[in-house]
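Given next are the chains, with one letter for each unit.
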Amino acid sequence: GIIGYAQDASGRHVVIKAILRDSKEKEILEYLRQECFPKSIDEFRNILPVLDILACEGHWLAITPRDYRFFTSTE
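What you see is a predicted model, and the numbers here were worked out from it, not measured in a lab. (Residues numbered from 1 in each chain as written. Predicted model: local features only at pLDDT ≥ 70, side-chain atom pairs only at ≥ 80, totals over all residues. Heavy atoms only, no water.)

Looking at a nonpolar patch on the surface
- A cluster of nonpolar side chains, contributed by Ile 28, Tyr 31 and Leu 32, occupies part of the molecular surface with about 300 Å² of accessible area.
- With respect to the secondary-structure elements, Leu 32 resides in helix 1 (residues 24–35). (Patch = residues over 30% accessible without salt bridge, like charges linked within 9 Å, V, L, I, M, F, W, Y side chains within 5 Å. Areas by Shrake-Rupley, 256 points an atom, 1.4 Å probe, with all protein chains shown as cover. Salt bridge = Lys/Arg side-chain N within 4 Å of Asp/Glu carboxyl O. Helix = DSSP H or I, 4+ residues; strand = E, 2+ residues; numbered from the N terminus.)

Next comes the structure, spelled out in structure tokens:
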């Protein structure tokens, strides 16, 4: 898939991944986002959570932290 990098409103680094609108991947990511969002990195070791899923021109955009430091800093 196509990915891009950005910063959120707090200046934290995120990854944006384009997903086809009819993809099962969107359903899986939505489930993980709703049911499994960690309160800390210790709860989700080695997995970066889905922060949001946005609709955009026939695709979905999955937003995830770029790395574990998302939970500990605003660099």
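Here we look at the pattern of salt bridges
- Counted by the stated rule, this structure contains five salt bridges.
- Here Arg 12 and Asp 8 are joined by a salt bridge, their closest N and O atoms 2.9 Å apart.
- Ionic pairing is found between Glu 30 and Lys 26, a salt bridge with its closest N-O pair at 4.0 Å. Residue Glu 30 and its partner Lys 26 are located together in helix 1, separated by four residues, close to a single helical turn. Of the two residues examined, Glu 30 and Lys 26, each falls in the buried class. (Buried < 20%, exposed > 50% of the residue type's maximum accessible area, 1.4 Å probe, protein only.)

As for the sheet that holds strand 3 (residues 52–56)
- Across the sheet, which stays open at both edges, the four strands sit in the order 1-2-4-3 with antiparallel pairing between neighbours. Looking at the sheet topology across the chains shown, the edges are occupied by strand 1 (3–7) and strand 3. Taken pair by pair, the neighbouring strands of this sheet meet at an average axis angle of 30°, ignoring direction.
- Note that strand 1 and strand 2 (residues 13–20) share five bridges and pair antiparallel. Paired with Ile 3 across the strands is Lys 17, a residue of strand 2.
- In the packing of helix 1 onto the sheet, contacts are made with strand 2, strand 3 and strand 4 (59–65), and the angle to strand 3 comes to roughly 145°. (Pairing = 2+ DSSP bridges. Axes fitted to C-alpha atoms, helices over the stretch in contact; angles between N-to-C directions. Contact = heavy atoms within 4.5 Å.)

Brief notes about helix 1
- Taking 1.5 Å as the rise per residue, helix 1 with 12 residues should run 16 Å; its terminal C-alpha atoms sit 17 Å apart, in good agreement.
- Buried-residue contacts for helix 1 involve strand 2, strand 3 and strand 4.
- At the N-terminal boundary of helix 1, the capping side chain belongs to Ser 23, with an oxygen 2.9 Å from the backbone nitrogen of Glu 25. (Expected span 1.5 Å × (residues − 1). Polar contact = N/O pair within 3.5 Å; in protein donor to acceptor, adjacent residues only side chain to side chain.)

Let's talk about the packing of aromatic side chains
- Within the structure shown, the criterion is met by zero aromatic pairs.
- The ring of Trp 60 has Arg 21 lying over it, and the distance from NZ or CZ to the ring centre is 4.6 Å.
- Positioned above the aromatic ring of Trp 60, the side-chain terminus of Lys 26 is 4.3 Å from the ring centre. (Phe/Tyr/Trp six-rings, centres within 6.5 Å; stacked < 30°, edge-to-face > 60°. Lys NZ or Arg CZ within 6 Å of the ring centre and 35° of its normal.)

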